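Chains, contacts and geometry: an overview
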Amino acid sequence: MRWVKRLLQLVLLLLLVAALAAWIYSRRVLPQTEGALALPGLQGELRIERDADGIPSIKAGNLHDLMFGLGVAHVQDRLWQMETHRRIGAGQLAEAFGPAALDTDKFLRALGVRRAAEAQWAQTRGETREALLAYTEGVNAAIRHAVAARPPEFVILGLQPPEWSPVDSLAWSIMMAWDLGGNWSAELLRLRLALKIDKARIDQLLPPYPGEQPLPTQDYTALYRGLKLDANVATSRQGIDRLLAAAPESGIEGVGSNNWVLSGRRTTTGKPLLANDPHLKLSAPALWYFARLEAPGYKVAGATLPGVPGVVLGQNEHVAWGFTNTGPDVQDLYLERIKPDDPAQYQTPEGWARFASRQEVIHVRGKPDVTLTVRQTRHGPVISDAGIADDVLGAKAGPAAQPGYVLAMRWTALDAETDQLGAGLRMSRATSVAGFIDAARGWVAPMQNMVVADDQGHIGLVLPGRVPLRKPDNDLWGLAPAPGWDARYDWAGWLPFEDLPKWTDPDKGYFATANQRTVPQDYPHYLTSSWAQPYRQQRIEQLLDGKPQHSGADLKAMHADITSLAVPNTLPWLKKAKSSHPLAAAAQQQLAAFDGRMAADGAAPLIFWAWQRQLIRSILGDDLAVLSERAYGGRSFMDAIEGILARDDARWCDDQRTPAVVETCAQQADVAFTAALDELQQLQGADVSAWRWGRAHQMRAEHRPFSNLKPLARWFELRAPIGGDTNSINVSRVSLKADGATGEYYLDEHGPSLRAVYDLGDLKQSSFMHSTGQSGIPWSPQYRSFLPRWLAVDYVPVWAQGAPAAVLTISPAPR
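The shown structure was predicted, so the numbers you read here are calculated from the model rather than taken from an experiment.

Attention now moves to the overall build of the chain. In terms of regular secondary structure, the chain is built from 27 helices and 31 strands. Here the C-alpha radius of gyration of the chain, 27 Å, is about what a compact globule of 815 residues would show, namely 28 Å. Seen through its C-alpha atoms, the chain measures out along the principal axes to roughly 85 × 80 × 70 Å. Of the contacts made within the chain by residues no fewer than 6 positions apart, 72% connect residues no fewer than 24 positions apart. Surface exposure of the chain reaches about 30,400 Å², of which carbon and sulfur atoms provide 54%. Across the chain, the centroid of the 83 positively charged side chains sits 6 Å from that of the 87 negatively charged ones.

Further remarks concern helix α19 (residues 584-591). Residues of α19 that are buried: Ala584, Ala587, Gln588 and Leu591. Buried residues along α19 cover an arc of 100 degrees about the axis, so they all sit on one side. α19 presents Ala585 and Gln589 as exposed residues on the side facing more than 90 degrees away from its buried surface. Among the structural elements, α18 (567-576), α20 (604-624) and α24 (665-684) are those in contact with the buried residues of α19.

Time to look at the sheet that holds strand β7 (residues 298-304). The strands making up a sheet are joined through hydrogen bonds of the backbone, oriented either antiparallel or parallel. Taken together, the 11 strands give an open sheet; going across it, the order is β1-β31-β2-β3-β6-β7-β8-β9-β18-β19-β23, and neighbouring strands pair in mixed fashion. Pairing within the sheet leaves two strands with one partner each, and these edge strands are β1 (35-40) and β23 (502-504). For this sheet the average axis-to-axis angle between neighbouring strands, irrespective of direction, equals 15 degrees.

This part takes up the state of the cysteines. Linking two cysteines covalently through their sulfur atoms gives a disulfide. Tallied over the full model, the rule gives one disulfide. Across the disulfide from Cys653 sits Cys665; the S-S distance is 2.0 Å. Taking the sign of the torsion about the S-S bond as the criterion, the disulfide between Cys653 and Cys665, at about 90 degrees, is right-handed. Within this pair, whereas Cys653 is found in helix α23 (residues 650-653), its partner Cys665 is found in helix α24, the two being separated by 12 residues in sequence. Like Cys653, the residue Cys665 is buried in the burial classification.

Counted according to the given criterion, the structure contains 43 salt bridges. For Arg441, the salt bridge identified is with Asp438, shortest N-O distance 3.3 Å. For Arg441, a relative accessible area of 42% gives the class partly exposed. One salt bridge in this structure joins Arg700 and Asp739, with 2.8 Å as the shortest N-O distance.

The rules behind each value
Residues numbered from 1 in each chain as written. Predicted model: local features only at pLDDT ≥ 70, side-chain atom pairs only at ≥ 80, totals over all residues. Heavy atoms only, no water. Helix = DSSP H or I, 4+ residues; strand = E, 2+ residues; numbered from the N terminus. Rg over C-alpha atoms; globule rule 2.2 N^0.38 Å. Contact = heavy atoms within 4.5 Å. Areas by Shrake-Rupley, 256 points an atom, 1.4 Å probe, with all protein chains shown as cover. Lys, Arg positive; Asp, Glu negative; His and termini not counted. Charge placed at Lys NZ, Arg CZ, Asp CG, Glu CD. Buried < 20%, exposed > 50% of the residue type's maximum accessible area, 1.4 Å probe, protein only. Arc of directions from axis to C-beta. Pairing = 2+ DSSP bridges. Axes fitted to C-alpha atoms, helices over the stretch in contact; angles between N-to-C directions. Disulfide = S-S within 2.5 Å. Salt bridge = Lys/Arg side-chain N within 4 Å of Asp/Glu carboxyl O.

Encoded structure:
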């Protein structure tokens, strides 16, 4: 038995060695935050002073070294996140994650994000170019000399961090614009619906902004029928649906933001206060990375994006600013007609022209390379060239029965002539509201509602961005794909900056935006028809008008508000609903005092949202049966439901799948109530008083890619019960589609990616918070240190206070 003993000793020794190696790795992968470091590329000494929360104050002698230092800090804390950003922008996900990511890579290559970034880099000049080069130098110096061990994602997947390029930064900027611009998917939704139902019903299913009429367009349902688009192909899971499924999410309902700014006469301090909370995809680590940047003539603090130089949202010594998404229509889809006897040509107003084409090679982990031919027309990239299906529209032409049409996209963010980062740098060093507004003239995409305040007491609101001018005879208004061979649908230039909306120092003493219509009805230029429902903005103004003056604490309390003003529109129907379900009486008892406050520890919000989800299925199921969940998963259609119930619309409430029975809206409310009770009983048991909104409605900060792997998800993903809903100021978007990994409904994956309250009278009172922590290493205390405070709507100081917790001094090293 001696050999058994020796074997056990050997096993124990190996386990100890493995444990020691794991411990050593776990220490080495954490960044060096103290002491001295020498890196090539610096022009002078650089200091990175971190506070107890891991927020760096980066201090340098010039702008080059400052951006170099930001690149170093990003690598130290967020290297894997930067790698995912790089791979998304380049369409190189399948190389790391395998065949499951291939369709997304194909779409990104067809869209041409990296090609557009390369074209933008080729014309980038001046300070912007210097900042990008300096940042890139810092990133690459840190990767080569300051990373003692690769983050765990690299190790698990067997990857090495590659060299960074300025093009990678520009590509991620384009992808941020993609995230906030979803008009293209709304156009495809209209096209799909047009092949099944008439235009009048589409206008009710996708209604205009409250109080407005649908835009006067031609009957595009007749247009598409005349083009002989095949409804069976276009609406199949291999057609448009698969194209939508391949694309990174964009235009998700509830993804927006809040901001408001008060003049000194409306604050207790006598100086302006500004609040902002952008609502974006929640991720682990958070999308944002806080930093304080200081160099001669430049001092700014706020939220940065790992992979991009500069502060996007924040405050300098004189000015603070915050954004919400305008939602402009800056994406148009075109049906390009292919020449029947020559598929290399497409029709233009002047005749036939050849596609510009190129080959893309996609590396796929564990599989052979995939070669994809992508094309471009005079409008832009052919997105249906994603290689996902031979034909997404179904119309055939020519002797070989080739696809008769392809889909091309025109999008402002893909234009080469842009200086987005330069505009951001200029805005961040503005010293007044007027100077900030002037600096914003270089902003291209995404168009934003920017509120701004200065320490002289002025406040402003400006909506900068490149907005296309559509011709007077354009009778589609960018709402649905247009015939690419008809010149009236081409853009006619850009709305001049002088004509973009901008206001300063209003009589009421504040500006407030929440993605609602921000321009008056008589504004002479078309921006969009995709304004968000006005509930959040109405609640913000309700609270602001509730007292003559507000403190910073008042603004923070508003950030925590979980009342939904959308509830009264449909709640009476739920309270009148009848059901023979044994839990119906107990559920109605919970609803009796419900006033729209979406408390995580309440049962009423859960009952309300489960009923709404079932009501959508009951009323719209017959019409939406032509769509996959992915095709409409980004929207709830509650605006349509509100209109149907307000009209008590018998045509919509009657289920066309049961011709022998005519259902009323009240009956559909009853059916939905019973279905909701069945669902919730199975989900949370038979004791209605024990039901909790937060048990189903959980914030989930997704980790790429390990949220999709159950054994790893518990270590990398962040979750917590949360209150609020899609329409509360404290937004926690309610997902009404089943989660792809778990099958759960009601998850919150989009919410306040950060919250900030800026005090223009006392910088020390400015505060902010994002949703996870500064680190991207899961076992670092700073991976999730912000989460409890974010849930509690608590904050940390924007500006460093007291002595730093750690100081790293970086000096130039020989190249």
